[in-house]
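So the chains spell out like this:
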Amino acid sequence: MRSHMICLLAAAGLLGAAPAAAADAAFTYKTSYRNVTQDPDKVWTGDALAADSSGTVTIHEYELRTPRGDYLISQIWNDDCAAATCPTRLVRVAPHQPPAIMVDDMMHQIVPPDDPRFAGLSKSGPQAAFAEHPFLLSEDGKTLVNGDFKFEIGSGKP
Amino acid sequence: MSRPRAVQSALFNAGVVLCLSATLALAGESAASLTSAGIPANCANFAAKVSSSEGNFGSVNQAGCLGAFQFCPGTFERYYSGSAQSFLNDPSAQVAAWTRYQQNEWSKAQSNGMTSLIGQQVCYGGRCATVDQSAILMACQFGCGPRGKLANYAAGGDCNARNVKDGNGVSVCSYLIRGAGYDASCFTGDQSAVCQQSPAGPGDFPTSTGIAANPPTPSTASIIVNPTDV
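Residues numbered from 1 in each chain as written. Chains lettered and ligands numbered in written order. Predicted model: local features only at pLDDT ≥ 70, side-chain atom pairs only at ≥ 80, totals over all residues.

So, on to the overall build of chain A. The number of helices and strands found in chain A is 3 helices and 9 strands. When the helices and strands of chain A are placed in sequence order, the string is α-α-β-β-β-β-β-β-α-β-β-β. Per-residue burial over chain A gives 38% buried out of 158 residues. (Helix = DSSP H or I, 4+ residues; strand = E, 2+ residues; numbered from the N terminus. Buried ≥ 20, exposed ≤ 12 C-beta atoms within 10 Å, placed from the backbone.)

Laid out in structure tokens, this is it:
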């Protein structure tokens, strides 16, 4: 949303940050739930699922499997969204257990992979990279990277 | 200079140029161009202030956010039904969508209690401002929902708290200060919040009451001041 994001990403791409980023693990797109009143994966509950002023709530999910465990990113498009960001949670998932929230903050809105309205836009390298992998887990597993945003894992709800 | 150092230097220079280019490209739309696209003249300075940190009508940033006010995909989905490219090609549509967005954000700010901040002084980073309507709307870029950064600030009052900062460590208070002092009545519908100064000269009197609201006709006036005379 802000111009410094452009600069940081451009500089990172050109000045050798790529080798470090290459060690980061990228979350891959899992699914989207549109027009929901309940979250099938139970990351969001209560008021977060109340219909927004446009009358709809959408949830987008990304996933990552690592030796340390399996993670899910869930971003909800509801009335809490800002112009550029929406409430997003990183949760650790395990069979037969409720999702454990590791990060809960406002993160850059993702570009829905199936949105045809963006299909005609030509994308630069960084734009294409963000669209495909908007969330990265740092190599040491301690930081969630979302474009120019960074979140310490384990910080929980702010 | 060794080859690796030469490559590194070339990459550095390219990075600097790209950064500068990006900065120049994202200087934002002027008040005049925004007025041409449909923003009322009295709110054009506020719109230009917002656009200055966003982009131009044809801008797309790395996160896929579009236009002079950088509508990101989720917001874009709510406020425009056409394609991304048609939105980029249509300044009037951008201004119309942003006007509706600002009006909705103001409604959220009111219903979520954020307007209680109006009149309070906020200081951050060595600067202070009195919170007004335009400050609230600017800070709504951090979200005006009940669980957003501005709500967190309204609840805690600490500009340095982690929960009032974005993922870059930028505090919502910096946006409250940045946005203060502008006419945002086109979005809030509240003319009374604009220019609350005491009349001090002939041009400072309100135009809604008294003689300013009932001006004499040119044929009866003793002095006629044309727009070009001001």
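Moving on from the coordinates now.
So, on to the overall build of chain B. Of the regular secondary structure elements, chain B holds 11 helices and 2 strands. Going from N to C terminus, chain B has its helices and strands arranged as α-α-α-α-α-α-β-β-α-α-α-α-α. Looking at chain B as a whole, 42% of its 230 residues qualify as buried. Contacts in chain B between residues far apart in sequence, at least 24 positions, make up 54% of those at least 6 positions apart. (Contact = placed C-beta atoms within 7 Å.)

We now examine the sheet that holds strand β4 (residues 69-77) of chain A. All names here are of chain A. In spatial order, the strands read β2-β3-β4-β5-β6; together these 5 strands make up an open sheet with antiparallel pairing. Each edge of the open sheet carries a strand with a single partner, namely β2 (28-33) and β6 (100-108). Geometrically, the sheet is characterised by an average inter-axis angle of 20° between neighbouring strands, direction not taken into account. As paired strands, strand β5 (residues 85-93) and β6 are joined by 8 bridges and run antiparallel to one another. Across the sheet, Pro87 pairs through a bridge with Met106, a residue of β6. (Pairing = 2+ DSSP bridges. Axes fitted to C-alpha atoms, helices over the stretch in contact; angles between N-to-C directions.)

Notably, A:Lys42 is not glycine yet its phi reads approximately 60°, a positive angle. Within the secondary structure layout, A:Lys42 lies in the loop between β2 and β3 (58-66). If you check the backbone angles, B:Gln70 has positive phi at about 50° while not being a glycine.

Let us now look at the confidence of the model for chain B. Detailed conclusions should not be drawn from predicted coordinates in areas where pLDDT is low. Residues and elements named next belong to chain B. The share of residues in chain B with pLDDT of 70 or more is 72%, and the mean pLDDT across the chain is 82. Within the model, pLDDT remains below 50 along residues 1-25, and this stretch shows 22 contacts once partners closer than five positions in the same chain are excluded. Reported confidences for the modelled complex are a pTM of 0.78 and an ipTM of 0.82. (pLDDT = per-residue confidence, 0-100.)

It is worth spelling out the nonpolar core at this point. All names here are of chain B. Of all hydrophobic cores here, the largest spans 87 residues; its most connected members are Ile136, Ala139, Leu150, Val172 and Leu176. Examining the composition of this core, we find that 6 residues originate from one element, helix α6 (residues 91-111), more than from any other. Those residues in contact with Ile136 that lie beyond four places of it in its chain are Ala109, Met114, Thr115, Leu117, Ile118 and Val131. (Core = buried A, V, L, I, M, F, W, Y, C linked by C-beta atoms within 7 Å.)

Further remarks concern the pairing of strand β2 (residues 127-130) of chain B. Residues and elements named next belong to chain B. With 4 bridges connecting them, strand β1 (residues 121-124) and β2 associate as antiparallel partners. Within the sheet, the bridge partner assigned to Gln121 lies in β2 and is Thr130. Linkage of β1 to β2, two consecutive antiparallel strands, is achieved through a turn of 2 residues, within which Gly125 is found at a positive phi near 60°.

As a further point, take the sheet that holds strand β9 (residues 149-152) of chain A. All names here are of chain A. Across the sheet, 4 strands lie side by side as β1-β7-β8-β9; this open sheet has antiparallel pairing. Among the strands making up the open sheet, the edge pair consists of β1 (25-26) and β9. Of the strand pairs in this sheet, strand β7 (residues 136-137) and strand β8 (residues 143-146) are connected by 2 bridges, and their pairing is antiparallel. By the bridge assignment for β8, Leu136 is matched with Val145.

Residue and element names in this part refer to chain A. With respect to the secondary-structure elements, Leu72 resides in strand β4. By C-beta crowding, Leu72 is classed as partly exposed, having 19 other C-beta atoms within 10 Å. Separated by 34 residues in the primary sequence, Leu72 and Met106 place their C-alpha atoms 16 Å from one another. Once residues within four sequence positions are removed from consideration, Leu72 is found in contact with Asp41, Glu61, Glu63, Val91, Val93 and Pro99.

Further remarks concern the environment of B:Ala31. Residue and element names in this part refer to chain B. When you line up the elements, Ala31 lands in helix α2 (residues 31-36). Residues Ala31 and Trp98, 67 residues apart in the sequence, show an inter-C-alpha distance of 14 Å. For Ala31, the residues in contact, after removing those within four places along its chain, are Ala44, Asn45 and Ala48.

The element helix α8 (residues 149-156) of chain B is extensively covered by neighbouring structure, given that 6 of its 8 residues are classed as buried. Along α8(B), the positions that sit buried rather than exposed are B:Lys149, B:Leu150, B:Ala151, B:Asn152, B:Tyr153 and B:Ala154. Considering only its buried residues, α8(B) is in contact with β6 of chain A together with α7 (133-139) and α9 (172-179) of chain B. A positive backbone phi angle near 70° is found at B:Gly157, which sits one or two residues after α8(B).

Counting all residues, the mean pLDDT for chain A is 84, and 83% of those residues have values of 70 or more. Here residues 1-20 of chain A is a poorly scored stretch, pLDDT under 50, and it has 45 contacts once near neighbours within four places are set aside; other chains count.

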